[in-house]
Structures are given as C-alpha cells and as structure tokens.
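Residue-level structure breakdown
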Amino acid sequence: MERPDLTAVIDAAAEALVGVLDSAVSRHRLAVSPPQLRVLSLLSIRSEINVNGLAELLDVVPSSASRLCDRLEAIGLVRRTADPRDRREVRLAPTTAAEVLLAEVRSRRHEAVRAVLERMPARGQQDLLWALAAFGQAATMATTVNAPVGDA
C-alpha cells in the first residue's frame, strides 16, 4: 500500500479545521463580517498598529483598510487614538466590546475543535499533539531562518 502524501494530508486537515472553525462562528449571527473579524483579531494582537500597517497585513490598499476600520469604529468595536510620540500618527485598537466579541468567537471555536477531538481515540489525540508541536516549531524556525537580518 502506497503511503499518503503528507503535504496533501496536512492540506486536507487544514481545510477541515478551517471548516470546523468557520462553522462554529457562522452558526451564530455576529455583528461583523469575516473580514471585519480578521481586522479585530489582528488589532487585538498588534497594539501599536496604524492603518498602513493593517493594510499591509491584510494585503489591501490603505483606503480599503481605513473603510473597514470606519465601519468597525461606527459600531463601537475599534477606536482610533493619536500616537503619544507623534500626534500625526493614528493608532488603531479594539474596544472592550471587540475583546468580548473575540473571546466569544474563540470560545465557540475551541468548543467546536474539542467536539472533533472527542471523536478521536486518545492515542490519536496524543499523536496529533506531538505532531502539531513539532510542526509549529519547524514553522517558527523556518520563519526565523528566512527573516531578513536588517540593512547591510
């Protein structure tokens, strides 16, 4: 019997995981769209970001990122503040309401993943844990190795 292509298996598992995570959120009506949820997630982990930095992370033009933030600000999920070091610079931050929303989404996703894991045998769960830890470590090393060193 031919051994399965590991890359294809990982790709299929990633698709299945994305499906589980998406369905955990889509079953509930959220006040935000998936792109807006992505913006909130990015803002919650990057405290010193401006619209240009956000646009770069999203791979969109700054005007598109700004419009997304305008909508989120209008519904009370994003606030813009002047950078204390440079008053011309505007920083973006999620509001408390956004953090509550993100925690709710995270909880729903964790519960959905937990339900899938409970359908797996204990040995499969343990093997998955070790494999994902090793994959994460290898991915981190690859990112570090391929990162630019700086200006020469």
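Relevant structure appears above.
Let me begin by describing the structure that accompanies this report. (Residues numbered from 1 in each chain as written. Predicted model: local features only at pLDDT ≥ 70, side-chain atom pairs only at ≥ 80, totals over all residues. Heavy atoms only, no water.)

A word on the packing of helix α3 (residues 51–58) against helix α4 (residues 62–74)
Contact geometry of α3 with α4 gives a least axis separation of 8 Å together with a crossing angle of 105 degrees. With respect to α4, the axis of α3 lies roughly perpendicular. Along its contact with α3, which presents V51, N52, L54, A55 and L58, the element α4 presents P62, A65, S66, L68 and C69. For the contact of α3 with α4, the residue count by class is eight nonpolar, two polar and no charged. (Axes fitted to C-alpha atoms, helices over the stretch in contact; angles between N-to-C directions. Helix = DSSP H or I, 4+ residues; strand = E, 2+ residues; numbered from the N terminus. Parallel < 35°, antiparallel > 145°, perpendicular 65-115°, else oblique. Contact = heavy atoms within 4.5 Å. Nonpolar A, V, L, I, M, F, W, Y, C, P; charged D, E, K, R; others polar.)

Some details on the pattern of salt bridges
Overall, the coordinates contain five salt bridges when judged by the stated rule. With its nearest N and O atoms 3.1 Å apart, the salt bridge here joins R123 to D127. Remark: D127 and R123 occur in helix α6 (residues 122–146); sequence separation between them is four residues, near one turn of the helix. Among the charged side chains, a salt-bridge network with shared partners connects D70, E73 and R80. (Salt bridge = Lys/Arg side-chain N within 4 Å of Asp/Glu carboxyl O.)

Some words on α4
Here α4 is 13 residues long and its end C-alpha atoms lie 18 Å apart, about the 18 Å a rise of 1.5 Å per residue gives. Residues of α4 that are buried in the fold lie against α2 (34–45), α3, β1 (78–83) and β2 (86–94). Looking one or two residues beyond α4, the residue adopting positive phi is G76, at roughly 80 degrees. (Expected span 1.5 Å × (residues − 1).)

Read these as spatial facts, not as claims about activity.
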